[in-house]
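# Inside the fold
Okay, here's what each chain looks like letter by letter:
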Number of protein chains: 2
Amino acid sequence: MLSEFDLIQRYFNWPTENVVLGIGDDAAIIAPMKGVELAISADSLVVGRHFFDNADPYKLGFKSLAVNLSDMAAMGAIPKWVTLSLTLPQLIIDQHESWLSEFSKGFRELAQTYRIELIGGDTVSGPLNISIQIIGEVEKGYCLRRDGAQLGDDIWVSGYLGDAALALKHELRNFKLNDNEAFYCKSALHMPIARVELGQRLVGLANSAIDISDGLMADLGHILARSEKAATIELSTIPVSEVMKRYLSTSIAIECILTGGDDYELCFTAPKMNRDAVILLGRELQLPLTIIGEITQQKSQTPNLVVINNNKKVILEKNGYDHFVT
Amino acid sequence: MLSEFDLIQRYFNWPTENVVLGIGDDAAIIAPMKGVELAISADSLVVGRHFFDNADPYKLGFKSLAVNLSDMAAMGAIPKWVTLSLTLPQLIIDQHESWLSEFSKGFRELAQTYRIELIGGDTVSGPLNISIQIIGEVEKGYCLRRDGAQLGDDIWVSGYLGDAALALKHELRNFKLNDNEAFYCKSALHMPIARVELGQRLVGLANSAIDISDGLMADLGHILARSEKAATIELSTIPVSEVMKRYLSTSIAIECILTGGDDYELCFTAPKMNRDAVILLGRELQLPLTIIGEITQQKSQTPNLVVINNNKKVILEKNGYDHFVT
């Protein structure tokens with residue numbers, strides 16, 4: 001059996017360009033560029049909570065990095081360095097040749113796409129837990145924050161919402177998709193695309209941004225709370241895929257779109273005067289960018305976030321996915 | 001029940017001084033000082049592997065940060081920022097008022113001692129897993145690495161070795177300590193002191209360094225492997241506590257000293273010409289610093305690390321603690 005040290009050497013120690021001292025010491029040493037600040041975030045994926053026991057390790061490696069990239073996207077940061085703490089069950093350690101090589105392949109391919117360096121981490125045995133810390137660079141004083149939304153801002157989202165949540169409902173057998181539909185939605189669930197370039201390009205255009213991981217309502221809610229604003233969004237304007245369009249008459253589809261989570265699209269607010277620039281940016285990136293509502297004044301005793309459908313307020317039972325409210 | 005968001009706000013969001021943007025956004029923003037490089041490391045503590053189910057949450061909060069501080073010490077870095085990813089079982093979430101407040105207290109007290117800022121992380125539910133990433137500053141080009149040991153270097157260790165391992169054997173009922181002895185050794189096990197200041201002061205004096213987390217032989221072995229050197233150490237010179245001295249005739253004591261792990265002392269190598277300076281430093285820090293051997297030439301077909309006792313080589317069954325070799 002490989003030791004922890006050998007395991008890291010074999011599966012997670014690929015050549016780095018941008019690192020003073022990489023894997024193999026007590027810590028890595030990096031040298032950020034002059035004039036930059038660093039954006040740092042950490043996210044864990046836990047078996048039974050974020051993925052099933054039998055999850056495809058290649059996709060898991062990809063997704064665990066993608067969800068962290070998404071945090072960098074939401075800050076407008078250039079992702080640069082990452083650490084990986086893996087807790088692995090004995091079963092996986094015993095079969096590590098296949099599981100670990102697939103996991104590291106998915107992780108590595110995505111890392112190399114963005115030229116991100118894996119600079120450290122550790123592996124221990126225990127219930128599967130994937131904990132990642134990512135570090136990116138932002139120009140000093142420029143980043144996308146949650147707390148900058150201004151009165152009258154357009155509220156935008158990228159891509160299409162709800163497909164990942166629909167795939168999860170299909171996998172849990174709460175909803176039936178046909179094979180083609182399932183294939184499409186599962187790719188949104190298991191291999192999400194972080195909007196890294198969009199985030200970087202929104203610096204200077206957007207007043208606030210967040211990535212949609214817990215569901216549109218919950219995440220837009222964070223922008224509103226931090227910005228001390230309210231918002232009205234129009235359900236019919238929320239961009240959805242061709243698959244989702246077929247099910248728009250069902251309440252499950254509406255729930256997926258508004259509160260589903262795992263979208264990893266960006267929700268951002270921008271002044272109306274930047275509308276054309278944002279539209280051009282979307283065209284350049286070949287990514288749908290859609291206005292779904294407007295930032296309004298916060299009033300006491302009314303909800304911060306109002307969703308309108310056919311001139312009526314939509315009432316939802318839960319306000320997006322929260323890991324601790326079930 | 002508190003949501004994840006409230007939980008972080010309540011227990012882990014204390015005022016920061018040194019951070020551009022702290023907890024509450026998609027990522028934190030930090031501004032490293034000019035002319036520094038950053039040392040980054042990540043370590044996880046897993047229930048059943050690093051601590052028992054019923055571990056005191058205050059001590060656990062303390063220790064989980066201490067072991068990460070120890071990595072900074074081993075690099076000669078000034079620890080500055082930390083992220084914390086907590087996976088918590090439902091039982092703890094339901095009782096979070098006590099468990100979380102104690103855990104965060106232990107973590108926070110140690111963080112404040114070193115003026116370290118908690119800048120991010122997340123909490124999810126699942127088997128208890130504490131994953132910490134720490135970031136420190138080193139002067140550009142100056143840090144303590146594992147790969148710098150030179151022929152003829154003295155091999156030094158700080159403090160006393162083996163007490164934590166002895167406490168663990170006592171807790172597992174493989175060894176019987178009296179109450180006073182147990183109290184003393186348990187404090188080494190559950191509230192280790194990272195040698196942060198020592199590490200910083202060794203920059204420029206030591207050629208290589210590592211912290212002893214997996215046991216003296218395994219960790220000194222890492223220095224030798226990375227430096228492509230060998231070493232001879234003298235068992236009788238390894239510094240041990242008054243408690244350990246009482247048991248030196250037992251093989252369990254020898255095993256604890258050489259391979260026990262969880263010491264979080266520093267093992268470092270330094271040129272003989274720096275001997276007086278190291279001795280002075282130890283006196284200034286009121287910390288025992290002891291020469292235990294010498295770096296030698298690497299030869300093929302002989303072990304890299306030889307332990308001598310009464311002019312005989314010590315043969316040990318295992319080479320320190322490895323998380324994957326049991």
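Predicted model, so just to flag it, every value in this text is computed and none were measured.

The subject of this paragraph is the packing of aromatic side chains. Summed over all chains, the structure comprises eight aromatic pairs over all chains. Ring pairs connect the aromatic residues Trp99, Phe103 and Phe107 of chain A, which therefore count as one cluster. Taking NZ or CZ as reference, Lys80 of chain B lies 5.7 Å from the ring centre of Trp81 of chain B, over its face.

Moving on to the interface of chain B and chain A. At the junction of the two partners, chain B supplies 64 residues and chain A supplies 65 residues. Summed over both sides, the interface between chain B and chain A buries roughly 5,200 Å², with carbon and sulfur atoms accounting for 58% of that surface. For the interface between chain B and chain A, the tally reads four salt bridges. As a salt-bridge pair, Asp25 of chain A and Arg146 of chain B come within 3.8 Å of each other at their nearest N and O atoms. Where chain B meets chain A, there are 13 residue pairs in polar contact (both at pLDDT 80 or more). For the side of chain B that touches chain A, the leading source of residues is strand β2 (residues 36–46) of chain B, giving nine residues. Here the residues of the side of chain B that touches chain A are counted per class, giving 33 nonpolar, 17 polar and 14 charged. Pairing analysis gives three bridges linking strand β1 (residues 28–30) of chain A to β2 of chain B, with the strands arranged antiparallel.

Moving on: the relation of the copies chain B and chain A. Rotating chain B by 180° about the axis while translating it 0.0 Å along that axis superimposes it on chain A, leaving an RMSD of 0.0 Å. The symmetry that links the two subunits is that of a two-fold axis. By residue overlap, the copies meet face to face through one surface: 100% of the interface positions of chain B are interface positions in chain A.

Moving on: the side chain of Asn274 of chain A. Residue and element names in this part refer to chain A. Its location among the elements puts Asn274 in the loop between β9 (266–270) and α11 (275–284). Under the relative-accessibility criterion, Asn274 is labelled buried at 13%. Asn274 has contacts with Gly204 and Leu205, leaving out every residue within four places of it along the chain.

As a further point, take the pairing of strand β6 (residues 154–158) of chain B. All names here are of chain B. Of all five residues making up β6, five are buried, and the element is well covered by its neighbours. Taking every second residue as pointing to the same face, both faces of β6 are buried, with Asp154, Trp156 and Ser158 on one and Ile155 and Val157 on the other. Relative to strand β9 (residues 266–270), β6 is paired through four bridges, and the arrangement is antiparallel. Bridge pairing links Val157 to Cys267 in β9. In terms of strand pairing, β6 meets strand β10 (residues 289–296) through five bridges, oriented antiparallel. Considered in β10, the bridge of Asp154 is made with Glu294.

The next point concerns the pattern of salt bridges. Once the charged atoms of two side chains with opposite charge are near each other, the side chains can pair. Applying the stated rule across the entire model yields 26 salt bridges over all chains. As a salt-bridge pair, Glu137 of chain A and Lys80 of chain A come within 3.7 Å of each other at their nearest N and O atoms. Placement of Glu137 of chain A in strand β5 (residues 129–139) and of Lys80 of chain A in strand β3 (residues 78–88) is noted, with a sequence separation of 57 residues between them. The exposure class assigned to Lys80 of chain A is buried, which follows from its relative accessible area of 15%. Of the charged contacts in the structure, one is a salt bridge between Lys272 of chain B and Glu294 of chain B, with a shortest N-O distance of 3.4 Å. Here Lys272 of chain B, found in the loop between β9 and α11 (275–285), pairs with Glu294 of chain B, found in strand β10; they are 22 residues apart in sequence, far enough to count as distant. Given a relative accessible area of 39%, Lys272 of chain B falls into the partly exposed group. For Glu294 of chain B, a relative accessible area of 35% gives the class partly exposed. Among the ionic contacts, a cluster of salt bridges with common partners joins Asp25 and Asp26 of chain A together with Arg146 of chain B.

Structurally, the α-helix is built with 3.6 residues per turn, so residues lying three or four positions apart point the same way. All names here are of chain A. The terminal C-alpha atoms of helix α2 (residues 57–75), which comprises 19 residues, lie 28 Å apart, in line with the 27 Å expected from a rise of 1.5 Å per residue. In terms of residue burial, α2 counts as a mostly covered element, since 18 of its 19 residues are buried. One side-chain oxygen of the residue at the start of α2 lies 2.8 Å from the amide nitrogen of Tyr58, identifying that residue as Asp56. A positive backbone phi angle near 70° is found at Gly76, which sits one or two residues after α2.

Attention shifts here to helix α8 (residues 216–227) of chain B. Residue and element names in this part refer to chain B. Here α8 spans 16 Å end to end across 12 residues, near enough to the 16 Å set by a 1.5 Å rise per residue. In terms of burial, α8 is largely enclosed, as nine of its 12 residues are buried. Regarding α8, the residues found buried are Leu216, Met217, Ala218, Asp219, Leu220, His222, Ile223, Leu224 and Ser227. In the segment just after α8, Glu228 is the residue with positive phi, at about 55°.

A few words now on the pairing of strand β4 (residues 117–125) of chain B. All names here are of chain B. Where burial is concerned, most of β4 is hidden: eight out of the nine residues are buried. Inspection of the sheet shows strand β3 (residues 78–88) paired to β4 by eight bridges, in the parallel sense. Looking at the pairing, Ser85 lines up with Asp122 of β4.

This part covers the packing of helix α5 (residues 163–171) of chain B against helix α6 (residues 179–190) of chain B. All names here are of chain B. Between α5 and α6, the least distance of the axes is 7 Å, while the angle of their chain directions is 110°. By the angle between their axes, α5 is roughly perpendicular relative to α6. Note that α5 runs across α6; the crossing there is left-handed. When α5 is examined against α6, the residues Asp163, Ala164, Leu166, Ala167, Leu168, His170 and Glu171 are found in contact with a partner set consisting of Ala182, Tyr184, Cys185, Lys186, Ala188, Leu189 and His190. Split by residue class, the contact of α5 with α6 holds nine nonpolar, two polar and three charged.

Residues and elements named next belong to chain A. Despite not being glycine, Arg173 has its phi angle at roughly 65°, a positive value. Position of Arg173 relative to the elements: it lies in the loop between α5 (163–171) and α6 (179–190). Positive phi outside glycine occurs at Asn310, with the angle close to 50°. Inspection of the secondary structure assignment puts Asn310 in the loop between β11 (305–309) and β12 (312–313).

All names here are of chain B. Taken in spatial order, the seven strands of this open sheet run β7-β9-β6-β10-β8-β11-β12, and their pairing is mixed. Strand pairing shows two members of the sheet lacking a second neighbour, β7 (208–211) and β12 (312–313), which therefore form its edges. By the bridge criterion, four bridges tie strand β8 (residues 230–234) to β10 in an arrangement that is antiparallel. For Thr232, the partnering residue across the bridge sits in β10 and is Glu294. Along the sheet, α8 makes contact with β6, β7, β8, β9, β10 and β11 (305–309), crossing β7 at roughly 145°.

Another aspect to go through is the confidence of the model for chain A. Confidence along chain A averages 89 in pLDDT terms, with 92% of residues attaining 70 or more. Every residue in residues 320–326 of chain A scores below 50 in pLDDT, and together they form 29 contacts with partners more than four places removed in sequence or on other chains.

On to the sheet that holds strand β7 (residues 208–211) of chain A. Residue and element names in this part refer to chain A. Across the sheet, which stays open at both edges, the seven strands sit in the order β7-β9-β6-β10-β8-β11-β12 with mixed pairing between neighbours. At either margin of the open sheet sits one strand with a lone partner, and together these are β7 and β12. As paired elements, strand β8 (residues 230–234) and β11 share four bridges and run parallel to each other. In the strand pairing of β11, Glu234 is matched with Ile308.

The rules behind each value
- Residues numbered from 1 in each chain as written.
- Chains lettered and ligands numbered in written order.
- Predicted model: local features only at pLDDT ≥ 70, side-chain atom pairs only at ≥ 80, totals over all residues.
- Heavy atoms only, no water.
- Phe/Tyr/Trp six-rings, centres within 6.5 Å; stacked < 30°, edge-to-face > 60°.
- Lys NZ or Arg CZ within 6 Å of the ring centre and 35° of its normal.
- Contact = heavy atoms within 4.5 Å.
- Buried area = accessible area lost by both parts, 1.4 Å probe.
- Salt bridge = Lys/Arg side-chain N within 4 Å of Asp/Glu carboxyl O.
- Polar contact = N/O pair within 3.5 Å; in protein donor to acceptor, adjacent residues only side chain to side chain.
- Helix = DSSP H or I, 4+ residues; strand = E, 2+ residues; numbered from the N terminus.
- Nonpolar A, V, L, I, M, F, W, Y, C, P; charged D, E, K, R; others polar.
- Pairing = 2+ DSSP bridges.
- Least-squares fit on C-alpha atoms with pLDDT ≥ 70 in both.
- Buried < 20%, exposed > 50% of the residue type's maximum accessible area, 1.4 Å probe, protein only.
- Expected span 1.5 Å × (residues − 1).
- Axes fitted to C-alpha atoms, helices over the stretch in contact; angles between N-to-C directions.
- Parallel < 35°, antiparallel > 145°, perpendicular 65-115°, else oblique.
- Left-handed = near helix turned anticlockwise from the far one by under 90°.
- pLDDT = per-residue confidence, 0-100.

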